[in-house]
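# Understanding the architecture of this molecule
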Amino acid sequence: MSERKIGKAVWWNGKFVAPEEAKTSVFTHTLHYGLGAFEGIRCYKTADGRLAVFRLREHVERFFDSCKIIELKLPFTQTELFNACIETVRRSGLTEGCYLRPLVYIGDGPLGVFPGFNPPVEVAIMTWFWGAYLGQEAKEKGARVKISSFSRGHVNSAMSKGKISGQYITGILAKLEVKRAGYDEALLLDTDGYVAEGSGENIFIVKGKTIKTTSLTSILNGITRATIIEFAREEGYEVIEERFTRDELYCASEAFFTGTAAEITPIREVDNRALGDGCPGPVTQKLWARYSDAIFGRDLRRKEWLTYV
Ligand code: PPE
């Protein structure tokens, strides 16, 4: 974290504190058992120089869904959280845009697997500057991806519709495994062996005029994914939401990751097989152009997705 450019103020349970004051106890329940949830949101410096948060309402809604899944009662309303995000950006001093990280966790209370029915729920919102998620080279030339030996959890154990802290363990292990082998990102299969998603992104494949993305089974319901589906349909592509196999991915002409942090990151290679020409393809580039128009406020039909700070 130290090399990261972090925002000057952390919103913590309704008050602003300096980042160095936002410290928690070793008795923090979530530190032991992982029952917490978070969001990842981006704020961009738009074409007219103003900062705007992208699809904040949808991120706040998903944050509340995550809390519902893990039975944490947030002591704030959606409107309060929404406004807190905006105010945190204002106070961050990060004038080139930033990444926002709302986090909910069980604080210092009784330990043990049973957290009780009314545990002390704490909420924080942090900001920092986050560049290209998988590195600048992957963003421009495409990522080198490897399928991990770790699977995305079964739908009855991993609650994938929530962005739940403890569930990231599998993704972290997958990422460590493939990074050690020299790749940029891990791709996880589901427990039936179908392609699920990256350690921190959803995945799309392209073949001719057809685009496929995993159906909402074992994956996070990505907000970038939903945005790209909408743009792809507008551009005249048929978008199919269904599970696909790894060999279908090997034979795709293009593939790319979507995510708030990753934005649109082309995939140039999977398991040492080059996709298409081994560089970002025309569909990926077109959809990145549409996405960047939206996030930078150039797409006037998508103004409602931006909350100016
Ligand atoms: N799947 C996973 C597992 C995931 O973590 C993300 C976001 C997505 C899909 C894409 O969701 P969305 O951002 O709504 O399009 N991952 C977040 C955290 C990454 C991290 O390393 O931390 C993110 O992109 O903010």
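Up top is the structure these notes are about.
Residues numbered from 1 in each chain as written. Predicted model: local features only at pLDDT ≥ 70, side-chain atom pairs only at ≥ 80, totals over all residues. Heavy atoms only, no water.

## Concerning the site of the ligand
- Of all residues adjacent to the ligand, which total 21 residues, the nearest are Tyr99, Tyr133, Tyr168, Thr224 and Thr260.
- Contacts to the ligand include Tyr168, whose side-chain N or O atom sits 2.5 Å from an oxygen atom.
- Backbone polar atom of Ala261 to an oxygen atom of the ligand: 2.8 Å apart, as the coordinates give it.
- Look at the ligand: alone it shows 550 Å² of surface, and the protein chains cover 93% of it.
- When atoms are counted within 2 Å of each cavity's grid points, the one that captures over half of the ligand is the largest pocket.
- For the shell around the ligand, the per-class residue count stands at seven nonpolar, nine polar and five charged. (Near = heavy atom within 4 Å. Polar contact = N/O pair within 3.5 Å; in protein donor to acceptor, adjacent residues only side chain to side chain. Areas by Shrake-Rupley, 256 points an atom, 1.4 Å probe, with all protein chains shown as cover. 1 Å grid on protein atoms, 1.4 Å probe; cavity = no way out; pocket = protein on both sides within 12 Å on 5 of 7 lines; lining within 4 Å. Sits in = over half its atoms within 2 Å of the grid points. Nonpolar A, V, L, I, M, F, W, Y, C, P; charged D, E, K, R; others polar.)

## Thoughts on a nonpolar patch on the surface
- A surface patch of nonpolar side chains, about 640 Å² in accessible area, is lined by Val26, Phe27, Leu31, Tyr33, Leu111 and Val113.
- Residue placement: Leu31 occurs in helix α1 (residues 29-33).
- Of the residues examined, Leu31 reaches a relative accessible area of 60% and is grouped as exposed. (Patch = residues over 30% accessible without salt bridge, like charges linked within 9 Å, V, L, I, M, F, W, Y side chains within 5 Å. Salt bridge = Lys/Arg side-chain N within 4 Å of Asp/Glu carboxyl O. Helix = DSSP H or I, 4+ residues; strand = E, 2+ residues; numbered from the N terminus. Buried < 20%, exposed > 50% of the residue type's maximum accessible area, 1.4 Å probe, protein only.)

## Let's talk about the pairing of strand β14 (residues 254-259)
- Counting buried positions along β14 gives six out of six residues, so the element sits mostly inside the fold.
- Covered by surrounding structure in β14 are Glu254, Phe256 and Thr258 together with Ala255, Phe257 and Gly259, the residues of both alternating faces.
- As paired elements, strand β11 (residues 202-207) and β14 share five bridges and run antiparallel to each other. For Asn202, the partnering residue across the bridge sits in β14 and is Thr258. (Pairing = 2+ DSSP bridges.)

## Description of the nonpolar core
- Val53, Leu56, Leu81, Leu100, Val104 and Val123 are the most contacted members of the largest nonpolar core, which has 30 residues in total.
- Elements that contribute at least two residues to this core include exactly β4 (41-45), β5 (51-54), α2 (56-69), α3 (78-92), β6 (97-106) and β7 (121-128).
- Top contributing element to this core by residue count: α3, with six residues.
- Those residues in contact with Val104 that lie beyond four places of it in its chain are Gly36, Ala37, Phe63, Cys67, Leu72, Leu74, Val121, Glu122 and Val123.
- Core analysis: the second largest hydrophobic core is formed by 21 residues, Val206, Ala232, Val283 and Ala294 among them. (Core = buried A, V, L, I, M, F, W, Y, C linked by side-chain atoms within 4.5 Å. Contact = heavy atoms within 4.5 Å.)

## What to know about empty space enclosed by the protein
- Under the definition given, this model contains two cavities of 30 Å³ or more.
- Roughly 50 Å³ of volume is contained in the largest cavity.
- Looking at the largest cavity, the residues that line it are Arg42, Tyr44, Phe54, His59, Ile223, Thr224, Thr260 and Tyr291.
- Only β4 and α6 (223-234) provide two or more residues apiece to the lining of the largest cavity.
- In this structure, the second largest cavity spans a volume of roughly 30 Å³.
- The wall of the second largest cavity is formed by Ser253, Glu254, Ala255, Pro266, Ile267, Leu275, Cys279, Pro280, Gly281 and Thr284.
- Listing elements by their share of the lining of the second largest cavity, those giving two or more residues are β14 and β15 (263-270).
- Tallied by class, the residues present in the lining of the second largest cavity amount to six nonpolar, three polar and one charged. (Points joined across faces, edges and corners; volume = space filled by probe spheres on them.)

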